[in-house]
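# Secondary and tertiary structure notes
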Amino acid sequence: MNYYVNALKSYAVFSGRATRKEYWIFLFFNCIIAFTIGFVSAVIEGFSGMSISSLGNTLNNIYALAVFIPSIAVGVRRMHDIGKNGWWFIFPIVSLVFLCFKSQPNENKYGQPSRVDASFVSTWD
């Protein structure tokens, strides 16, 4: 959860680096939250008998809009972590492959590795 909160705190920070774990945990929590919003709105609609699916859609759209910039920012920082330019993130297939690459263990032109790198290198290699 700390990775998710840290990514939100770095709302529009496109410089620096983000670890593979930080990116994928951020994406995982985004999916969980979007699913939960949809599920809760469907349950409320089912119990109340009223059609409030537009409420669920509206809440999901608001959430998606709120995390749009942080999602791009953490993706760009992830590209920096493997030594690639952040613009690679706009190419879906290529960026998906790059997002799975290991972090560069040493400093690159985008900065020092994240402080959390050392704690997960042995478990995420």
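Scroll up for the structure.
Residues numbered from 1 in each chain as written. Predicted model: local features only at pLDDT ≥ 70, side-chain atom pairs only at ≥ 80, totals over all residues. Heavy atoms only, no water.

Let's shift gears to the overall build of the protein. From N to C terminus, the protein includes six helices and zero strands. Walking the protein from its N terminus toward its C terminus, one meets helices and strands in the order α-α-α-α-α-α. Here the protein holds 125 residues, and the buried ones make up 32% of them. Counting contacts in the protein only where the partners sit at least 6 residues apart, residues at least 24 apart contribute 64% of the total. (Helix = DSSP H or I, 4+ residues; strand = E, 2+ residues; numbered from the N terminus. Buried < 20%, exposed > 50% of the residue type's maximum accessible area, 1.4 Å probe, protein only. Contact = heavy atoms within 4.5 Å.)

So, on to the pattern of salt bridges. For the structure on display, the rule yields three salt bridges. For Arg-77, the salt bridge identified is with Glu-22, shortest N-O distance 3.7 Å. Here Arg-77 is found in helix H4 (residues 68–81), whereas its partner Glu-22 is found in helix H2 (residues 20–48), with 55 residues between them in sequence. Here the two residues Arg-77 and Glu-22 agree in accessibility, since each one is buried. Arg-78 serves as the salt-bridge partner of Asp-81, at 2.8 Å between the closest nitrogen and oxygen. Here Asp-81 pairs with Arg-78, and both are found in helix H4, just three residues apart, close to one helical turn. (Salt bridge = Lys/Arg side-chain N within 4 Å of Asp/Glu carboxyl O.)

A few words now on helix H5 (residues 92–99). Buried residues of H5: Ser-95, Phe-98 and Leu-99, and no others. Each buried residue of H5 sits inside an arc of 100° when the element is viewed along its axis, so together they form one side. (Arc of directions from axis to C-beta.)

Here we take up the packing of aromatic side chains. Per the stated rule, a full pass over the model turns up nine aromatic pairs. Seen in terms of ring centroids, Tyr-4 and Phe-29 are 5.8 Å apart; in terms of plane orientation they differ by 50°. Their pairing is tilted. Of this pair, Tyr-4 sits in helix H1 (residues 2–9) while Phe-29 sits in helix H2, placing them 25 residues apart in sequence. Relative accessible area serves as the criterion here: at 5%, Tyr-4 is assigned to the buried category. Three or more aromatic residues joined by ring pairs form one cluster here, namely Tyr-4, Phe-26, Phe-28 and Phe-29. (Phe/Tyr/Trp six-rings, centres within 6.5 Å; stacked < 30°, edge-to-face > 60°.)

Moving on: the environment of Gly-83. Tracing the backbone shows Gly-83 in the loop between H4 and H5. Judged by its relative accessible area of 28%, Gly-83 is partly exposed. Between the C-alpha atoms of Gly-83 and Ser-103, which are 20 residues apart in sequence, the distance is 8.4 Å. Residues within four places of Gly-83 in sequence aside, it is in contact with Gln-104, Asn-108 and Tyr-110.

The next thing to look at is a nonpolar patch on the surface. Among the surface-exposed residues, Phe-35, Phe-39, Val-40, Val-43, Ile-44 and Phe-47 lie close enough to one another that they form a single nonpolar patch of about 640 Å² accessible area. In this structure, Phe-39 sits in helix H2. (Patch = residues over 30% accessible without salt bridge, like charges linked within 9 Å, V, L, I, M, F, W, Y side chains within 5 Å. Areas by Shrake-Rupley, 256 points an atom, 1.4 Å probe, with all protein chains shown as cover.)

Interpretation note: all reported values are geometric properties and have no functional meaning in isolation.
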